[in-house]
Amino acid sequence: MPYEEDLADRIREIVAIESELTEQRMFGGLAFVVGGHLAVGASQSGSLLVRVDPGRSAALIAKSTAVPMVMGGRQMAGWLRIESSELATKRQLAKWVGRGVEYSRSLPAKNHAKKKRRLQRPPTRR
C-alpha cells in the first residue's frame, strides 16, 4: 500500500467542502492540493504532512509534537510531519489539516493554463 488509506479517507472527510481540491499521488503518498498548492498529505507511514507558513514552523514545533519534514536528507522549510499517534481524533486531524489548507489558500493563485510551445519553423531558402 503506497499510503495510509484510512488517513486519506479521514482527510477527505475534512476537506470535502473545499473548492478547487484535487488529489495527487506523489512521493509514495497522497497529496491534497488546494487552489493548485499542496496543503497536506497522507504518507506511507501513516503520518500527516502539513504545509505551513515557514515563519511559523518553529513556533508550531515548539508547542506540539510536530517535526520538520525531511526529504532526501534535507529539511523542507514550511513542511511538518505529524505522527499518526497525534491524529487519533477527528478534532486533532482537523486542526492540522485546517492549518495546511489555510496556508495554501493564502498563497497566490497558480495559473493552470498550459504553456503553449512555439513551433520552430525551418529557415526559408531564398
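Everything discussed here concerns the structure shown above.
A. Expanded view of the pairing of strand 2 (residues 29–34). Along strand 2, 6 of the 6 residues are buried, which leaves the element largely enclosed by surrounding structure. Here strand 2 shows no split at all, with Gly29, Ala31 and Val33 on one side and Leu30, Phe32 and Val34 on the other all buried. As judged from the 6 bridges shared by strand 1 (residues 21–26) and strand 2, these two strands associate in the antiparallel manner. For Met26, the partnering residue across the bridge sits in strand 2 and is Gly29. Here strand 2 pairs with strand 3 (residues 37–42) via 5 bridges, running antiparallel. Its bridge partner lying in strand 3, Leu30 is registered against Ala42. Linking two consecutive strands that pair antiparallel, namely strand 2 and strand 3, is a turn of 2 residues; a positive phi of about 60° is found at Gly35 within it.

B. The arrangement of the nonpolar core in detail. Core analysis: the biggest nonpolar cluster contains 24 residues, and Ile11, Leu48, Ile82, Leu93, Trp96 and Val97 have the highest contact counts within it. Elements that contribute at least two residues to this core include exactly helix 1 (5–15), strand 2, strand 3, strand 4 (48–51), strand 6 (74–82) and helix 3 (90–106). Top element by residues in this core is helix 1. It accounts for 5 residues. Filtering out sequence-adjacent residues up to four positions away, Trp96 remains in contact with Val40, Leu48, Val50, Ser64, Ala66, Leu80, Ile82 and Leu87.

C. Representation of the packing of aromatic side chains within the structure. Summed over all chains, the structure comprises 0 aromatic pairs. The cationic tip of Arg99 hangs over the ring face of Trp96; the distance from NZ or CZ to the ring centre is 4.5 Å.

D. Structural view of unusual backbone geometry. Phi at Glu20 takes a positive value of approximately 55°, unusual for a residue other than glycine. Structurally, Glu20 can be placed in the loop between helix 1 and strand 1.

E. Molecular detail of the side chain of Ser43. Within the secondary structure layout, Ser43 lies in the loop between strand 3 and strand 4. Every residue in contact with Ser43, bar those within four places of it in the chain, is listed here: Tyr3, Glu4, Leu49 and Arg81.

F. Quick look at the packing of helix 1 against helix 3. In the contact formed by helix 1 and helix 3, the axes pass within 10 Å of each other and the chain directions differ by 65°. Classified by the interaxial angle, the pair formed by helix 1 and helix 3 is roughly perpendicular. For the pair helix 1 and helix 3, the crossing hand works out as right-handed. Residue-level inspection shows Leu7, Arg10, Ile11, Glu13, Ile14 and Val15 of helix 1 in contact with helix 3, the latter providing Lys90, Leu93, Ala94, Val97 and Val101. The class makeup of the residues in the contact of helix 1 with helix 3 is 8 nonpolar, no polar and 3 charged.

G. Examining the pattern of salt bridges more closely. Per the stated rule, a full pass over the model turns up 4 salt bridges. Between Arg12 and Asp9 there is a salt bridge, with the nearest N and O atoms lying 2.5 Å from each other. Of this pair, Arg12 and Asp9 both sit in helix 1, 3 residues apart, roughly one helical turn. Measuring nitrogen to oxygen at the nearest pair gives 2.8 Å for the salt bridge that ties Glu13 to Lys90. Taken together, the residues span a long stretch of sequence, with Glu13 in helix 1 and Lys90 in helix 3 at a distance of 77 residues.

Definitions and limits used
Residues numbered from 1 in each chain as written. Predicted model: local features only at pLDDT ≥ 70, side-chain atom pairs only at ≥ 80, totals over all residues. Heavy atoms only, no water. Buried < 20%, exposed > 50% of the residue type's maximum accessible area, 1.4 Å probe, protein only. Helix = DSSP H or I, 4+ residues; strand = E, 2+ residues; numbered from the N terminus. Pairing = 2+ DSSP bridges. Core = buried A, V, L, I, M, F, W, Y, C linked by side-chain atoms within 4.5 Å. Contact = heavy atoms within 4.5 Å. Phe/Tyr/Trp six-rings, centres within 6.5 Å; stacked < 30°, edge-to-face > 60°. Lys NZ or Arg CZ within 6 Å of the ring centre and 35° of its normal. Axes fitted to C-alpha atoms, helices over the stretch in contact; angles between N-to-C directions. Parallel < 35°, antiparallel > 145°, perpendicular 65-115°, else oblique. Left-handed = near helix turned anticlockwise from the far one by under 90°. Nonpolar A, V, L, I, M, F, W, Y, C, P; charged D, E, K, R; others polar. Salt bridge = Lys/Arg side-chain N within 4 Å of Asp/Glu carboxyl O.

Functional significance is not addressed by these values, which are geometric in nature.
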